[in-house]
Amino acid sequence: MVTTTDYATQATLKPNVFRRMWTDGQLKMLLIFLPPALLVFTVFVILPMLQAGFFAPYKWSGYGPAPWVLNEDTGREFGRWVGSQNFERMWGHSAFQQAFENTLLVIAVSLLIQLPIALFLALLIYQNSRINTIFRLVFFLPYIMAEVATGLIFSFVLDGNYGLSKWFSDLMGYETAFFPLAEKPWAFYSILAVIVWKYFGFHMMIYIAGLQSISKELIEAARIDGATATQRAFFIQIPLLWPAITISIFYSVLGGLQVFDLVMPMTAGGPSNSSHTLVSYLYNFGFVRLNVGFGSAVGVFLFAVGVVFALVYRNTVQRGQ
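In this text, all values refer to a predicted model and were calculated from it rather than measured experimentally. (Residues numbered from 1 in each chain as written. Predicted model: local features only at pLDDT ≥ 70, side-chain atom pairs only at ≥ 80, totals over all residues. Heavy atoms only, no water.)

1. A look at the side chain of Ser-280
With respect to the helices, strands and loops of the structure, Ser-280 is situated in helix H13 (residues 278-288). Of the residues examined, Ser-280 reaches a relative accessible area of 0% and is grouped as buried. At 2.9 Å, the side chain of Ser-280 forms a polar contact with the side chain of His-276. Beyond its immediate chain neighbours, meaning those up to four positions away, Ser-280 contacts Val-259, Phe-260, Val-263 and Met-264. (Helix = DSSP H or I, 4+ residues; strand = E, 2+ residues; numbered from the N terminus. Buried < 20%, exposed > 50% of the residue type's maximum accessible area, 1.4 Å probe, protein only. Polar contact = N/O pair within 3.5 Å; in protein donor to acceptor, adjacent residues only side chain to side chain. Contact = heavy atoms within 4.5 Å.)

In structure tokens:
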């Protein structure tokens, strides 16, 4: 039972907490650094999300005032209210369906190919040594490179006129050069290969950090009991690594929903819109073609998918972590 004395004690503790934070300088630091961060986050994240929700039911090119503002001469809004037509058009568009399938394929490849490669390499080089440090640096370097720069590099590497494609064609004696980024099945496969190459090092470092936190005495005891390296990995290390694996899966799925910077310099969604992801589809059919309302509808859909996944995943798989 909570008494009046308890309430009085809590009331006196709160001012003391703020006074102590002010004396220690913590409150001053919050007052200095928190408002700019909140301002930037609000202007560049919160407001665009709210605007996307407002623009989604309108047909608006993005020019002129907001779509719900009336034109003084005609008495009409600058943008035309279309309700759910943008969403209906999105679902019925074959390019959107292809982009949605491609996004799911990115997530599947990330989970089934990229993460196992990262885990396998982490188990090989997690122990501290000079040679392992070199391997970690080599494997992590692709992640450090900017996505746009990576896409531009591979657009040249896979060019049939002077890239690796030409070298391979000459080596095999083909009369015509092979242009993988211009061929429908191969364009998106090339993007998937680059995604695996670029991001496996990031997940590998997550696993290495998790493996290094496992008690060495536990691994040594299993080795003394006769457990092989494979048995130690499957029955001790990987089960204890599950929290790191869940974080890695979380990043892979959300990252797969946001793939954009690699697609644009490599294929720009081509050929024939076959290599679009949801974000590149949004950009191309929403903003490049001056249909901000339609692009906002795609953005709302993408935001809803990301939020639903994050909430469900955090409350199921990552519950209690």
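2. Some thoughts on helix H8 (residues 184-212)
Between its first and last C-alpha, H8 extends 43 Å over 29 residues, near the 42 Å set by a 1.5 Å rise per residue. Taken as a whole, H8 carries its principal kink of about 35° at Tyr-199. (Expected span 1.5 Å × (residues − 1). Bend = angle between axes of the 7 residues up to and from the residue.)

3. Description of the packing of helix H9 (residues 216-224) against helix H10 (residues 229-240)
Remark: H9 packs on H10, axes separated minimally by 11 Å, with the N-to-C direction vectors making an angle of 165°. Taken as axis vectors, H9 and H10 run roughly antiparallel relative to one another. Handedness of the H9/H10 crossing: right-handed. In contact with Leu-218, Ile-219, Ala-222 and Arg-223 of H9, H10 contributes Arg-232, Ile-236, Gln-237 and Leu-240. Split into classes, the residues belonging to the contact of H9 with H10 amount to 5 nonpolar, 1 polar and 2 charged. (Axes fitted to C-alpha atoms, helices over the stretch in contact; angles between N-to-C directions. Parallel < 35°, antiparallel > 145°, perpendicular 65-115°, else oblique. Left-handed = near helix turned anticlockwise from the far one by under 90°. Nonpolar A, V, L, I, M, F, W, Y, C, P; charged D, E, K, R; others polar.)

4. Some points on the pattern of salt bridges
Within the structure shown, the criterion is met by 2 salt bridges. Across the pair Asp-170 and Lys-166 runs a salt bridge whose closest N-O atoms are separated by 3.6 Å. With Asp-170 and Lys-166 both in helix H7 (residues 164-172) and 4 residues apart, the pair spans about one turn of that helix. Residue classification places Asp-170 among the partly exposed residues on the basis of a relative accessible area of 49%. Across the salt bridge formed by Glu-220 and Arg-223, the nearest N and O atoms sit 2.2 Å from each other. With Glu-220 and Arg-223 both in helix H9 and 3 residues apart, the pair spans about one turn of that helix. (Salt bridge = Lys/Arg side-chain N within 4 Å of Asp/Glu carboxyl O.)

5. Side note on the environment of Gly-270
Topologically, Gly-270 is positioned in the loop between helix H12 (263-266) and H13. For Gly-270, a relative accessible area of 15% corresponds to the buried category. Spatially, the C-alpha atom of Gly-270 lies 8.9 Å from that of Phe-188, the residues being 82 residues apart in sequence.

6. Here's the deal with the nonpolar core
Membership of the largest hydrophobic core comes to 44 residues, with the highest contact counts inside it found for Met-204, Tyr-207, Leu-241 and Tyr-281. At the level of secondary structure, the elements contributing two or more residues to this core comprise helix H4 (94-125), H8, H9, helix H11 (242-257), H13 and helix H14 (292-315). Sort the elements by how many residues they give to this core and H4 lands first, with 10 residues. Residues within four places of Leu-241 in sequence aside, it is in contact with Leu-119, Tyr-207, Gly-210 and Leu-211. One finds Val-109, Phe-154, Tyr-199 and Val-259 within the second-largest nonpolar core, a separate group that totals 16 residues. (Core = buried A, V, L, I, M, F, W, Y, C linked by side-chain atoms within 4.5 Å.)

7. Points about the packing of H8 against H11
The geometry of a pair of packed helices is captured by two quantities: the angle between their axes and the separation between those axes. At a minimum axis distance of 9 Å, the contact between H8 and H11 shows a crossing angle of 160°. As far as their axial angle goes, H11 and H8 are roughly antiparallel. The way H8 lies across H11 gives a crossing that is right-handed. Side by side, H8 and H11 meet where Phe-202, His-203, Ile-206 and Tyr-207 of the first sit next to Ala-244, Ile-245, Ser-248, Tyr-251 and Ser-252 of the second. Split into classes, the residues belonging to the contact of H8 with H11 amount to 6 nonpolar, 3 polar and no charged.

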